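# Topology and contacts: notes
As a plain string of letters, each chain reads:
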Amino acid sequence: MKKLLNARPLLALAAAMFTAVSYAQWANPADDVPAYHPSAPLKVSTLPPIIAGDKLTGENFRYPWQVHVYQQAAKASNVIYQLPCNCRCDRALGHTSLRSCFETLHGTECSTCAKEGVYAYQQTKLGKTPAQIRAGIAKHDYESIDLEKQ
């Protein structure tokens with residue numbers, strides 16, 4: 001019995017050390033980048049279409065900004081293919097890049113996706129590369145975008 005009592009502090013110490021080592025807070029958040037493609041899609045690749053045209057109507061497109069965001073996403077399709085989405089839809093919905101958000105209705109209901117889409121379009125028009133836009137997204141530069149002004 002005395003041996004068991006002497007082992008308890010060691011077991012507690014071992015459990016505490018294991019918890020500290022495996023605790024997620026110690027992980028490097030820079031290593032946790034949402035999914036994206038490092039380069040433009042191949043010419044031979046067939047990607048799902050971004051919702052466009054007469055499909056930009058109905059109850060999911062109640063606000064003008066929703067339509068504008070999808071129109072802008074279509075104009076920057078190859079760029080947003082190379083960008084991550086910080087809403088983490090890669091985990092929840094299996095998206096492979098920001099472009100995936102606009103292949104579905106997800107971009108109409110998620111302000112993170114919508115703002116990143118507008119940001120990507122604006123930065124593309126300014127001549128920024130996908131890598132530069134990705135860096136801006138990592139710094140959350142898109143958060144200042146007001147969707148109501150789109």
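You'll find the structure just up there.
This structure is a prediction, so every number in the text was calculated from the model and none was measured.

Time to look at unusual backbone geometry. Its identity as a non-glycine residue notwithstanding, R88 has a phi of 70°, on the positive side. On the basis of relative accessible area, R88 is assigned to the buried category, the value being 18%. Positive phi, normally seen in glycine, also occurs at H140, with a value near 65°. The residue H140 is located in the segment after α8 (130-138) in this model. Note on H140: relative accessible area 35%, which makes it partly exposed.

Turning to the environment of V69, a few remarks are in order. Along the chain, the position of V69 falls in helix α2 (residues 64-75). Once the C-alpha coordinates of V69 and C113 are considered, the two residues, 44 residues apart in sequence, prove to be 9.4 Å apart. Setting aside chain neighbours within four positions, we find V69 in contact with F102, A114, V118 and L147.

Time to look at the side chain of R99. Mapped onto the fold, R99 is located in helix α5 (residues 98-103). Polar side-chain contacts of R99 include one of 2.7 Å to the backbone oxygen of P48. A polar contact of 2.8 Å, which involves the side chain of R99, links it to the side chain of S77.

Think of an α-helix as turning once every 3.6 residues; residues three or four places apart then point the same way. Buried within α8 we find P130, I133, R134, G136 and I137. Down the axis of α8, the sector holding all buried residues measures 160°, keeping them to one side. The secondary structure elements touched by the buried residues of α8 are α3 (77-80) and α7 (111-125). One or two steps after α8, the chain reaches H140, where phi turns positive at roughly 65°.

What follows covers the packing of α2 against α7. Angle between the axes and distance between the axes: these two values describe a pair of packed helices. Their axes nearest at 9 Å, the elements α2 and α7 cross at an angle of 50°. Overall, the two elements α2 and α7 adopt an arrangement that is oblique. As for how α2 packs across α7, the hand of that crossing is left-handed. Along the contact surface, α2 presents W65, V69, Q72 and K75, while α7 presents A114, V118 and Y121. Class assignment of the residues belonging to the contact of α2 with α7 gives a composition of five nonpolar, one polar and one charged.

Formed by 29 residues in total, the largest nonpolar core has its most connected members in I80, L83, L98 and F102. For this core, the secondary structure elements donating two or more residues are α2, α3, α5, α7 and α8. Excluding its chain neighbours within four sequence positions, the residues that come into contact with L98 are I80, L83, P84, C85, C113, E116 and G117.

Conventions used here
- Residues numbered from 1 in each chain as written.
- Predicted model: local features only at pLDDT ≥ 70, side-chain atom pairs only at ≥ 80, totals over all residues.
- Heavy atoms only, no water.
- Buried < 20%, exposed > 50% of the residue type's maximum accessible area, 1.4 Å probe, protein only.
- Helix = DSSP H or I, 4+ residues; strand = E, 2+ residues; numbered from the N terminus.
- Contact = heavy atoms within 4.5 Å.
- Polar contact = N/O pair within 3.5 Å; in protein donor to acceptor, adjacent residues only side chain to side chain.
- Arc of directions from axis to C-beta.
- Axes fitted to C-alpha atoms, helices over the stretch in contact; angles between N-to-C directions.
- Parallel < 35°, antiparallel > 145°, perpendicular 65-115°, else oblique.
- Left-handed = near helix turned anticlockwise from the far one by under 90°.
- Nonpolar A, V, L, I, M, F, W, Y, C, P; charged D, E, K, R; others polar.
- Core = buried A, V, L, I, M, F, W, Y, C linked by side-chain atoms within 4.5 Å.

Note that every value here comes from positions in space, so none of it alone points to a role or purpose.
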